[in-house]
Structure formats: structure tokens, C-alpha cells
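Residues per chain are reported as follows:
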Amino acid sequence: IIAEPLSYMRKHDFSQIIVLRGPRYKILSTLGIAHWLEAKSQDDIISLSETKLISVLECEPKNTCVYLKADDTVDHARDIFAHDTAKMISSVLVTENGRDVEKPLNIITPWDVAARKL
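Residues numbered from 1 in each chain as written. Predicted model: local features only at pLDDT ≥ 70, side-chain atom pairs only at ≥ 80, totals over all residues. Heavy atoms only, no water.

(A) Spotlight on helix H4 (residues 74-82). Where H4 is concerned, the buried positions are Ala77, Ile80 and Phe81. Looking down the long axis of H4, one finds its buried residues gathered within 95 degrees of arc, a one-sided arrangement. The inward-facing, buried residues of H4 abut strand S3 (65-69), strand S4 (91-95), strand S5 (106-108) and helix H5 (110-114). (Buried < 20%, exposed > 50% of the residue type's maximum accessible area, 1.4 Å probe, protein only. Helix = DSSP H or I, 4+ residues; strand = E, 2+ residues; numbered from the N terminus. Arc of directions from axis to C-beta. Contact = heavy atoms within 4.5 Å.)

(B) Representation of the packing of aromatic side chains. A full pass over the atoms with the stated rule returns 1 aromatic pair. With a centroid separation of 5.9 Å and an interplanar angle of 55 degrees, the aromatic rings of Tyr8 and Phe14 are classed as tilted. Taking relative accessible area as the criterion, Tyr8 reaches 43% and is therefore assigned partly exposed. (Phe/Tyr/Trp six-rings, centres within 6.5 Å; stacked < 30°, edge-to-face > 60°.)

(C) How the structure looks around the sheet that holds S5. An order of S3-S4-S5 is seen for the 3 strands of this open sheet, with the pairing classed as mixed. Single-partner strands in this sheet number two, and they are S3 and S5. Recorded for the sheet is a direction-independent mean angle of 30 degrees between the axes of neighbouring strands. Note that S3 and S4 share 5 bridges and pair parallel. Across the sheet, residue Cys65 finds its bridge partner in S4, namely Ser91. Lying over the sheet, H4 contacts S3, S4 and S5, oriented at roughly 160 degrees with respect to S3. (Pairing = 2+ DSSP bridges. Axes fitted to C-alpha atoms, helices over the stretch in contact; angles between N-to-C directions.)

(D) Expanded view of helix H1 (residues 3-12). Among the residues making up H1, those that are buried are Pro5, Leu6 and Met9. All buried residues of H1 lie within an arc of 100 degrees about the axis, which places them on one face of the element. Turned more than 90 degrees away from the buried face of H1, the exposed residues are Glu4 and Lys11. Taken together, the buried residues of H1 touch strand S1 (16-21), strand S2 (24-29), helix H2 (30-39) and helix H3 (53-57). Directly after H1, the chain includes Asp13, whose backbone phi takes a positive value near 55 degrees.

This is the structure we're talking about:
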């Protein structure tokens, strides 16, 4: 149900959170939510409590999340954002072997790099 992730995002002022979709870890972002709302704009009533997370995840823009291995360097993460000329990548999920089926160990965003938190 979409209401729970939305209230968590609002409470913590997050623009994106990690969610589990089947065996894969994905990103749910405010941009994906906006795309979902746009797609639903023809409906008279939108019930967040009845909306399944999967339907919102289908509206997430493609190729906005990259997966890195735990032993990749911080410079590698910085390079990913620096060379993203289309500015589509909103997050790097760090897993043990850089696979989307592995539990994320960390998330890196462009804001982390810009704020030099890394």
C-alpha cells in the first residue's frame, strides 16, 4: 500500500527510499510518485490507502538507479554522477556484489556527493 512509504518519506523528508519489489531492491522517488499522479489525473478519486506500491513503481523513470559493489571506491560513485550528462541517475545503491537482488548496504545520492558527505 502506497500510503505507508509516502508518510515515511514525508516524516523523514526523503525524496527517495529503497523498496523491495519481488526479489529486487528498487527506488521509490518523488519523481516516480509525480509520474504516477500524472497518469492517474484522469481519475476522479485517487485512494492512496488502496493503491498498491507496484503500480507506483511502474511509473518510476528507467535507469535512475545504479548498483555498485561494496569494494568499489567512493571516486567510482562520484564519477557515475559526474558523467551522467542527462542527469537521470538519482541514486547509487551499494550491495555486496553490486546486484539488485542483494540487500543494500548504503545509498548514495547526488546530494551526498555535492555536500561532500563521502
